[in-house]
Amino acid sequence: MSDSDLAGLRERAANGDRDAVDQLVELAGERGDLAELRQLAESGNADAAAQLVELATELGDMKELRRLADRGDRDAADQLVELAAERADVGELRRLADGGNRDAADVLAELTEEEDEEE
């Protein structure tokens, strides 16, 4: 898609064309364009928000997942816990648990228990 086609698609989306918005979400996901997805998600598009979480997870982008989770995105929080667990990132898990995330608290307890058993 050319830059002018993309600009036209963005203009149609800005004017309320739902099909154009859907196309933008799809294209942004295919291109790995976090910025475009972020903008669409912040304008209230649930599909863009879901795609943003998916892409950030695929990229292992803890910063983006953290930003989304801190804004209340439950899917982002779930993915953040999962990535932190895979990386044994105790600091991130503790931060999430301290913020009230029960899943993070559970994983943190499991990791701590495993560490105690190894010692």
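Rules of the game
Residues numbered from 1 in each chain as written. Predicted model: local features only at pLDDT ≥ 70, side-chain atom pairs only at ≥ 80, totals over all residues. Heavy atoms only, no water. Helix = DSSP H or I, 4+ residues; strand = E, 2+ residues; numbered from the N terminus. Rg over C-alpha atoms; globule rule 2.2 N^0.38 Å. Buried < 20%, exposed > 50% of the residue type's maximum accessible area, 1.4 Å probe, protein only. Areas by Shrake-Rupley, 256 points an atom, 1.4 Å probe, with all protein chains shown as cover. Lys, Arg positive; Asp, Glu negative; His and termini not counted. Charge placed at Lys NZ, Arg CZ, Asp CG, Glu CD.

Things to note about the overall build of the protein chain
1) Next: What the protein chain contains, in helices and strands, is eight helices and zero strands.
2) Next: Traced from its N-terminal end to its C-terminal end, the protein chain shows the element sequence α-α-α-α-α-α-α-α.
3) Next: In summary, the protein chain has a C-alpha radius of gyration of 18 Å against a globular reference of 14 Å for 119 residues, an excess of more than 25%.
4) Next: By its C-alpha atoms, the protein chain is 60 × 25 × 15 Å across when sized along the principal axes.
5) Next: The proportion of buried residues among the 119 residues of the protein chain is 37%.
6) Next: Surface accessibility of the protein chain: about 7200 Å² in total, with carbon and sulfur atoms responsible for 43%.
7) Next: Mean positive and mean negative side-chain charge positions of the protein chain (14 and 35 charges, respectively) differ by 7 Å.

Here we look at unusual backbone geometry
1) Next: In this structure, Ala 88 takes a positive phi of about 50° despite not being glycine.
2) Next: Tracing the backbone shows Ala 88 in the loop between α6 (74-86) and α7 (90-98).
3) Next: Given the relative accessible area of 44%, Ala 88 is considered partly exposed.

Note that all results are geometric; they support no functional claim without further evidence.
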